[in-house]
Structure formats: structure tokens, C-alpha cells
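# Fold and contact review
Here's the letter readout for the chains.
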Amino acid sequence: MDGFKIVLEIAPTLIALFFAIQIFRSSGALDLIVRFLTPMGKLLKIPKEVLPVIFAKLFSSSAATGFLLDIYKTSGPDSLAGFMSSVILSSTETCFYTLSVYYSVAGIEKIRYTLTGALLAVFVGTFISVFISYF
């Protein structure tokens, strides 16, 4: 019975995140962000195709997996972009999804330093994944 109660508490957050990602992707805002991040990606030698995966992974693992499958279709799984995206997806967590779901269930309203630490961990994991992908 407790499991069902938790599902009912989590459902609104999950539905809101799902729709937000779909709206964000359909509106073209993701393309704008990728265009903004491309110079930094070039500096870090991250292929342009990988940038949407990195950004989407912060919010939704399923959205990031969708972008990964697009990379597999266009560039192939053995390409640098495909390999790098796979390594990134396996070494980082969906920050905002995890924080919103678990903190809402626990009733925590102030995240304090958790978001900063989580984002730092994601960025370090992403950087190490890019570095590893070149070996």
C-alpha cells in the first residue's frame, strides 16, 4: 500500500517533467541551446551531435537515450559521437529528475548545496567521459 501511495505522490512530477522535455524539444529551444554551447563543445572537442545528449541527460534519461538512438542512426554506434554519448550516458545521472522526484517524496523543499554538488558531479563525469572516449 505504501508503494502505491509513493507512486501517486511522484506521478505529477514525472508527468510534468515528461511534458516539459517534449515541449522543450518541439519548440526548438534545444536547438538554440546547442547552438549556444557549440563553441564550448569545440573547445573541449565534443562533437556537436553529443551536446543534446549531455543537456537532455540533466533532465531526462529517456530523452537523452532518444538522442543517442538518433546518433546511432546517423553516425553509427562505432562513431566517436556514438561511443562518447554511450559513455556519457552510463557515467552521469539525471540531476533535476532525481532531485525533484526524491526530494518531493521526502518532503524536502530547500535543496541547499545538493544541486551544486550534483551538477559538479555531472560535469566532472561528462568531462572524464569525453577524455576517456579519445583513448
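This write-up is about the structure you can find in this document. As a convention, each chain's residues are numbered from 1 in the sequence order in which they are written. Confidence filtering applies because this is a predicted model: local features only for residues at pLDDT of at least 70, side-chain atom pairs given and counted only at 80 or more, and all residues used for totals across whole chains, interfaces and linings. Processing note: side-chain calculations cover all non-hydrogen atoms of the structure and skip hydrogens and water entirely.

### Some thoughts on the nonpolar core
The biggest cluster of nonpolar side chains holds 23 residues, and the ones touching the most others in it are Ile46, Val50, Val53, Met84 and Ile88. Runs of E in the DSSP output that reach at least two residues are strands. Runs of H or I that reach at least four are helices, and both are numbered from the N terminus. The set of elements that each furnish at least two residues to this core consists of α2 (29-43), α3 (51-57), α4 (61-74), α5 (80-91) and α7 (114-133). The contacts of Ile88, once residues within four sequence positions are left out, are Val50, Ile54, Thr126, Ser129 and Val130. For this analysis, a nonpolar core means a set of buried residues of the types Ala, Val, Leu, Ile, Met, Phe, Trp, Tyr and Cys, connected via side-chain atoms within 4.5 Å. Three labels apply to residues, based on accessible area from a 1.4 Å probe with only protein chains included: buried if under 20% of the type maximum, exposed if over 50%, partly exposed otherwise in between. Here, two residues are considered to be in contact whenever any of their heavy atoms come within 4.5 Å of each other.

### A word on the packing of aromatic side chains
Both the distance between ring centres and the angle between the ring planes are used here to describe each pair of aromatic rings. Between the rings of Phe, Tyr and Trp (Trp by its six-membered ring), a pair exists once the centres lie within 6.5 Å; its type follows the angle of the planes, with under 30 degrees stacked, over 60 edge-to-face, and the other angles tilted. Within this structure, the stated rule accounts for three aromatic pairs. Summarising the aromatic geometry, the rings of Phe59 and Phe96 are spaced 4.8 Å apart at their centres and angled 15 degrees between planes, so their arrangement reads as stacked. With Phe59 in the loop between α3 and α4 and Phe96 in helix α6 (residues 95-106), this residue pair connects regions lying 37 residues apart in the sequence. Its relative accessible area of 26% is what places Phe96 among the partly exposed residues. Considering the side-chain rings of Phe131 and Phe135, the 5.0 Å spacing of their centres and the 75 degrees angle between planes classify their relative orientation as edge-to-face. Among the residues examined, Phe135 registers a relative accessible area of 75% and is labelled exposed. Put simply, the rings of Phe55, Phe59 and Phe96 touch in pairs and so form one group of aromatic residues.

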